[in-house]
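In case you want the letters, here they are:
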Amino acid sequence: MKISSKQHVLRWVTIAISFLIISLILWNTYRFFQKFKEEERIKMENFSEAQNELGKIIDLNGNISDFPLKIIQSNTTTPMIIENSEGSFQSKNIQQLSDNNQEYLKSLSLKFSNENTPIEFIYEGETLSTIYYGNSDLLNKLKYYPFALVLIFLLFSGIVYFYYKSSRTASQNKLWTGMAKETAHQIGTPLSSLIGWTELLKSEAVNPAYIAEIEKDIHRLETITERFSKIGSIPLLKTTNIVTATQESFDYLESRSSKLITFKMNAPEEDILVALNPELYSWTIENLVKNGIDAMKGEGHIEVSIQATEALVLIDVSDTGKGLSKKLFSKVFETGYTSKKRGWGLGLSLSKRIIEEYHKGKIRVFQSEAGEGTTLRISLKRL
């Protein structure tokens, strides 16, 4: 237990450190993004100031300083539209656009004015031109970057959650496996004693029919013990006549059920061979039949039918119970689901695992109607 506890603590310390590292990386990346965004803004403002100062530094000979011109020419990323005093528009750094498309440039200038405040160039009290500028492609891409960071953080959180959930499920499975094997061990001791007492009764003047029934129940206990001992391990499948295996489970349940329940079985005469673990398969049939008996509240009709195709064997277990709504067709196989006041909701879930995981078959609600009953179908590959 101490080793397991240390491993558990170490696991969560590792997760916490991972969260801290991821958070620091995301925070530093976000700060870098904000700084880069601010520098991009400053560059755009410098460009605007250079344009604004350009008209003020023309000397008497008409020469223009090289410095603002270099600033203007260096900006090749910021999309902008220049409107002159006559209302004509000209574009800069906008690809695949004709300068003659004045209507489009006008509408685009309105969009840019919403992104950034336009800059007017005034010379000697007269507005010569107005510049509308938008965000560069890089800034447009960067504005979605915080959302990407949040998405990465959420994905990492989801991975940790599913890791924790799977770890918890694995721990629960280990617990159930341990309980099952311990149950099998505990049943084994009185079972051995019962076998000894049965042999002793055979030497006495006891009705052989009584002893035969006791032996059936002993065999039943042996089967249950073997079932529990197989939980958590891969069962051995062997070639089995499924008609015989189903009939044995059917007969046992019929002989030990209420007389208010009528049983009927329909099966072909010939053998139908499948790869089967008889103990686990009989457990499945019992779960399905008992589920039907519970649905009928102890009174009604149970029918088990077997039919075969070239590739599959279909086993139907039908009852005349209260039926199921379609939204419950898959939910009834979930662990913990039960409609009974006293129930663990393990029977159908266990049956699904036996059929689908161990036998690579299928089990489902074939049909169900309210007040008419339910049919559950098992599909197995035929040898």
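First, a word on scope: everything that follows refers to the structure included in this document. None of these values were measured; they are calculated from a predicted model.

## Quick notes on unusual backbone geometry
And step 1. Phi is positive for Lys297, which is not a glycine, with a value near 55°.
And step 2. Relative to the elements of secondary structure, Lys297 occurs in the loop between helix 8 (278-295) and strand 8 (300-308).
And step 3. Judged by its relative accessible area of 76%, Lys297 is exposed.
And step 4. With a phi angle near 55°, Lys360 is a residue other than glycine that sits in the positive phi range.
And step 5. Looking at the element boundaries, Lys360 is found in the loop between helix 9 (347-358) and strand 10 (362-369).
And step 6. Take Lys360: its relative accessible area is 60%, and that puts it in the exposed class.

## Some words on the environment of Val274
And step 1. Relative to the elements of secondary structure, Val274 occurs in strand 7 (residues 273-276).
And step 2. A residue is classified by how much of its surface remains accessible, and Val274, at 1% relative accessible area, is buried.
And step 3. The spacing of Val274 and Asn241 is 33 residues in sequence and 6.6 Å in space, taken between C-alpha atoms.
And step 4. Once you skip the residues sitting within four places of it in the chain, Val274 turns out to touch Lys238, Thr239, Thr240, Ile242, Val313, Lys381, Arg382 and Leu383.

## Here we look at the sheet that holds strand 9 (residues 312-319)
Strand pairing within a sheet occurs via backbone hydrogen bonds; the two strands may be parallel or antiparallel.
And step 1. Taking strand neighbours across the sheet as the criterion, the 5 strands line up as 6-8-9-11-10 in an open arrangement whose pairing is mixed. In this open sheet, the two strands that pair with only one neighbour each are strand 6 (261-266) and strand 10. The mean angle between the axes of side-by-side strands here comes to 15°, regardless of whether they run parallel or antiparallel.
And step 2. Where strand 6 meets strand 8, 6 bridges bridge the pair, whose relative direction is parallel.

## A short note on the packing of helix 7 (residues 242-255) against helix 8
And step 1. Contact geometry for helix 7 and helix 8: axes closest at 10 Å, N-to-C directions at 45°. Here helix 7 lies oblique to helix 8, going by the angle between them. At the point where helix 7 passes helix 8, the crossing takes the right-handed sense. Of helix 8, the residues touching helix 7 (which contributes Ile242, Ala245, Thr246, Ser249 and Leu253) are Tyr281, Ser282, Ile285, Glu286, Val289 and Lys290.

## Considering the packing of helix 8 against helix 9
And step 1. Helix 9 packs onto helix 8 with a crossing angle of 145° between their chain directions and a minimal axis gap of 9 Å. Where helix 8 crosses over helix 9, the handedness of that crossing is left-handed. Counted together, Leu280, Trp283, Thr284, Asn287, Leu288 and Asn291 of helix 8 and Gly347, Leu348, Leu350, Ser351, Ile354, Ile355 and Tyr358 of helix 9 form the full contact between these two elements.
And step 2. Residue composition of the contact of helix 8 with helix 9, grouped by class: 8 nonpolar, 5 polar and no charged.

Here is what the cut-offs are and how they apply
All residue numbers refer to position in the chain's written sequence, counted from 1. The predicted nature of this model means local features are confined to residues of pLDDT at least 70 and side-chain atom pairs, given and counted, to a pLDDT of 80 or more, with totals for whole chains, interfaces and linings taken over all residues. Each side-chain value is derived from all of the structure's non-hydrogen atoms; neither hydrogens nor water enter the calculation. Labels follow the DSSP assignment, with helices taken as runs of H or I lasting at least four residues and strands as runs of E lasting at least two, numbered in each case from the N terminus. A 1.4 Å probe rolled over the protein chains alone gives each residue an accessible area, and that area as a share of the maximum for its type sets the label: buried under 20%, exposed over 50%, partly exposed in between. Two residues form a contact once any of their heavy atoms are found within 4.5 Å. Here, any two strands with at least 2 DSSP bridges between them count as paired. A fitted line through C-alpha atoms serves as each axis, taken over the contacting stretch for helices, and the angle formed by two N-to-C directions is quoted from 0 to 180°. Angles below 35 degrees are treated as roughly parallel, those above 145 as roughly antiparallel, those between 65 and 115 as roughly perpendicular, and all remaining angles as oblique. Throughout, a crossing is termed right-handed when the near helix is turned clockwise from the far one, and left-handed when it is turned anticlockwise from it by less than a right angle. Put simply, Ala, Val, Leu, Ile, Met, Phe, Trp, Tyr, Cys and Pro go in the nonpolar bin, Asp, Glu, Lys and Arg in the charged bin, and everything else, Gly too, in the polar bin.

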